[in-house]
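Coordinate inspection notes
So you can see what is in the structure, the chains are spelled out below.
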There are 2 protein chains.
Amino acid sequence: MESFFIHIIQQLTQVSEQDKAIYRERFQVKHYRKGELFLREGQVCKYIGITESGLMRHYINQNGQERTYYFAQEHRFLCNYESFISQTPSSTNVQALEDTTVHVVSNEDLEYFYTHTESGNRIGRLVLGKVLIKLEKDLASFYTDTPEQRYQKFIDEYPDLEQRISQYHIASFVGVKPPSLSRIRKRMLKNP
Amino acid sequence: MESFFIHIIQQLTQVSEQDKAIYRERFQVKHYRKGELFLREGQVCKYIGITESGLMRHYINQNGQERTYYFAQEHRFLCNYESFISQTPSSTNVQALEDTTVHVVSNEDLEYFYTHTESGNRIGRLVLGKVLIKLEKDLASFYTDTPEQRYQKFIDEYPDLEQRISQYHIASFVGVKPPSLSRIRKRMLKNP
């Protein structure tokens with residue numbers, strides 16, 4: 001069976017056997033227990049990760065309050081790009097909400113891919129393009145959406161996640177306190 | 001003198017003479033008068049642009065209210081990436097706030113660069129990485145910053161723009177009404 005990350009890469013573009021061998025050599029598999037951190041604020045983001053199974057959340061600490069801005073279920077990317085690309089301390093955290101298996105690659109290995117493979121830069125461009133579109137949408141949502149609309153987007157975007165994530169984290173993602181989320185849900189149930 | 005966009009590209013990475021010739025052939029220069037739109041909501045984003053001179057703003061229409069989320073002065077990128085990459089109608093607008101000169105490349109020509117140059121994918125990856133870091137920061141700011149902090153960030157990030165942009169557009173970027181921005185400015189002048 002082909003490795004998980006080769007499968008992910010091949011969904012983006014064709015890759016030669018030679019390049020695949022280089023990727024296989026340098027990707028590593030890591031396991032995180034529920035609650036463990038993939039990335040801690042103040043530390044350098046050493047790896048870009050792709051989740052094979054499990055679930056993580058990206059969050060920001062704001063005066064002790066945790067603000068969750070991205071849920072990464074299966075086949076999603078884990079990273080703080082600024083920290084990873086410039087190898088500076090991260091301003092954000094990434095934490096496992098379930099036991100999670102992640103395929104990771106270091107900055108050094110990624111640079112190796114860019115200089116030693118034919119497909120590396122193409123894959124980098126395609127992945128960044130996808131992440132960028134996601135961020136562009138998330139940013140637009142903050143400018144235009146009400147909490148109700150943000151909750152509806154959460155349901156649309158993560159249809160299978162509502163049962164896997166606590167109300168506390170969903171409320172944090174929507175940008176309201178848990179009691180407000182509860183009121184929003186009740187209103188939406190009454191007027192679907 | 002080397003073309004403007006070749007100069008920009010060379011700040012990112014080394015480019016062969018052969019690749020430069022291909023880029024020169026396919027970049028176009030366009031001029032926009034103050035008030036003109038580079039990109040209109042509902043239309044497909046045909047070009048990625050780099051501003052040589054002038055100033056544009058990216059904004060979203062929210063029930064008739066314009067929400068400005070990005071100012072592009074000299075040497076910045078103009079685009080709605082989702083619309084550009086997938087060639088679907090844009091949900092955002094890009095408008096000239098001053099007479100603006102833009103170097104543009106179409107999606108078709110960009111795909112040509114990716115398949116016919118050695119440096120195309122590398123440049124794409126580097127540019128997208130920069131845009132992504134900017135978006136990541138902007139998104140974090142919405143989760144954690146007060147209007148005061150967002151105004152301070154505007155001043156820090158665009159130190160030369162405050163005199164070039166109307167209070168109406170700055171307030172829209174900060175996410176408050178113009179009278180609130182006026183109060184924020186007064187408070188900051190009193191307690192710098």
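Attention in this report is confined to the structure presented alongside it.

Thresholds applied
Residues numbered from 1 in each chain as written. Chains lettered and ligands numbered in written order. Predicted model: local features only at pLDDT ≥ 70, side-chain atom pairs only at ≥ 80, totals over all residues. Heavy atoms only, no water. Helix = DSSP H or I, 4+ residues; strand = E, 2+ residues; numbered from the N terminus. Rg over C-alpha atoms; globule rule 2.2 N^0.38 Å. Contact = heavy atoms within 4.5 Å. Lys, Arg positive; Asp, Glu negative; His and termini not counted. Charge placed at Lys NZ, Arg CZ, Asp CG, Glu CD. Phe/Tyr/Trp six-rings, centres within 6.5 Å; stacked < 30°, edge-to-face > 60°. Buried < 20%, exposed > 50% of the residue type's maximum accessible area, 1.4 Å probe, protein only. Pairing = 2+ DSSP bridges. Axes fitted to C-alpha atoms, helices over the stretch in contact; angles between N-to-C directions. Salt bridge = Lys/Arg side-chain N within 4 Å of Asp/Glu carboxyl O. Polar contact = N/O pair within 3.5 Å; in protein donor to acceptor, adjacent residues only side chain to side chain. Parallel < 35°, antiparallel > 145°, perpendicular 65-115°, else oblique. Nonpolar A, V, L, I, M, F, W, Y, C, P; charged D, E, K, R; others polar. 1 Å grid on protein atoms, 1.4 Å probe; cavity = no way out; pocket = protein on both sides within 12 Å on 5 of 7 lines; lining within 4 Å. Points joined across faces, edges and corners; volume = space filled by probe spheres on them.

**A look at the overall build of chain A**
Looking only at helices and strands, one finds 8 helices and 8 strands in chain A. Here the C-alpha radius of gyration of chain A, 18 Å, is about what a compact globule of 192 residues would show, namely 16 Å. When its C-alpha atoms are laid out on the principal axes, chain A stretches across 55 × 35 × 30 Å. Within chain A, contacts between residues at least 6 apart in sequence are counted, and of these 68% link residues at least 24 apart. Across chain A, the centroid of the 25 positively charged side chains sits 8 Å from that of the 24 negatively charged ones.

**Overview of the packing of aromatic side chains**
Geometry of an aromatic ring pair is reported as the spacing of the ring centres plus the angle between the planes. In this structure the tally under the stated criterion is 21 aromatic pairs over all chains. Consider the rings of Y23(A) and F113(A), whose centres lie 4.7 Å apart with planes at 90 degrees: the pair is edge-to-face. Here Y23(A), found in helix α2 (residues 17–26), pairs with F113(A), found in helix α4 (residues 107–116); they are 90 residues apart in sequence, far enough to count as distant. The pair Y23(A) / F113(A) is uniform in exposure class, with both members buried. Between F154(B) and F173(B), the ring centres sit 5.8 Å apart and the planes meet at 55 degrees, which makes this aromatic pair tilted. Here the residue F154(B) occupies a position in helix α6 (residues 147–157), and F173(B) occupies one in helix α7 (residues 167–174), the gap between them amounting to 19 residues. For F173(B), a relative accessible area of 6% gives the class buried. Among the aromatic residues, those joined into a ring-pair cluster are F71(A), Y151(A), F154(A), Y158(A) and F173(A).

**Things to note about the sheet that holds strand β4 (residues 56–62) of chain A**
All names here are of chain A. Taken together, the 4 strands give an open sheet; going across it, the order is β2-β7-β4-β5, and neighbouring strands pair in antiparallel fashion. Edge positions in the sheet fall to β2 (37–39) and β5 (65–72), since each of these pairs with one other strand and no more. Each adjacent strand pair in this sheet contributes to an overall mean axis angle of 35 degrees, direction not counted. Bridge count for β4 against strand β7 (residues 93–96) is 4 bridges, and the pairing is antiparallel. Note on β7: the bridge partner recorded for R57 is Q95. Lying over the sheet, helix α7 (residues 167–174) contacts β4 and β5, oriented at roughly 90 degrees with respect to β5.

**Details of the interface of chain A and chain B**
At the junction of the two partners, chain A supplies 34 residues and chain B supplies 33 residues. If you look at where chain A meets chain B, you find 2 salt bridges. Of the charged contacts, one joins K137(B) and E82(A) as a salt bridge, the two residues approaching to 3.2 Å between their closest N and O atoms. Where chain A touches chain B, the interface holds 10 residue pairs in polar contact (both at pLDDT 80 or more). Taken together, the elements giving at least two residues each to the side of chain A that touches chain B come down to β4, β5, α3 (81–86), α4, α5 (120–144) and α7 of chain A. Per-element accounting of the side of chain A that touches chain B gives the leading share, 18 residues, to α5(A).

**Structural notes on the side chain of T144(A)**
Its place among the elements puts T144(A) in helix α5. Of the polar contacts made by the side chain of T144(A), one reaches the backbone oxygen of A140(A); its length is 3.0 Å. Within the structure, T144(A) has its side chain in polar contact with the side chain of D145(A) (distance 3.1 Å). Aside from chain neighbours lying at most four places away, what touches T144(A) is Q149(A), I60(B) and Q62(B).

**Brief notes about the packing of helix α2 (residues 17–26) of chain B against helix α4 (residues 107–116) of chain B**
Residues and elements named next belong to chain B. Where α2 contacts α4, the two axes come as close as 11 Å, and the packing angle between them is 170 degrees. On the basis of the axis angle, α2 is roughly antiparallel to α4. Together, I22, Y23 and R26 of α2 and D109, Y112, F113 and H116 of α4 make up the contact between the two elements. Looking at the contact of α2 with α4 residue by residue, the classes come out as 4 nonpolar, 1 polar and 2 charged.

**What to know about empty space enclosed by the protein**
Unfilled space is identified by rolling a water-sized probe across the atoms. Taken as a whole and assessed by the stated rule, the structure comprises 1 cavity of 30 Å³ or more. Every residue along the wall of the largest cavity is listed here: I60(A), Y69(A), T92(A), E136(B), L139(B) and A140(B). The residue makeup of the lining of the largest cavity, split by class, is 4 nonpolar, 1 polar and 1 charged.

**A closer look at the sheet that holds strand β2 (residues 37–39) of chain B**
Reading across from one edge, β2-β7-β4-β5 (chain B) is the order of the 4 strands in this open sheet, with antiparallel pairing throughout. Unpaired on one side and paired on the other, β2 and β5 (65–72) of chain B mark the two borders of the sheet. The mean angle between the axes of side-by-side strands here comes to 35 degrees, regardless of whether they run parallel or antiparallel. For β2(B) and strand β7 (residues 93–96) of chain B, the ladder comprises 2 bridges, and the chain directions are antiparallel. Bridging across to β7(B), L39(B) finds its partner in V94(B). Its contacts with the sheet put α5(A) on β4 (56–62) and β5 of chain B, and the angle it makes with β4(B) is roughly 60 degrees.

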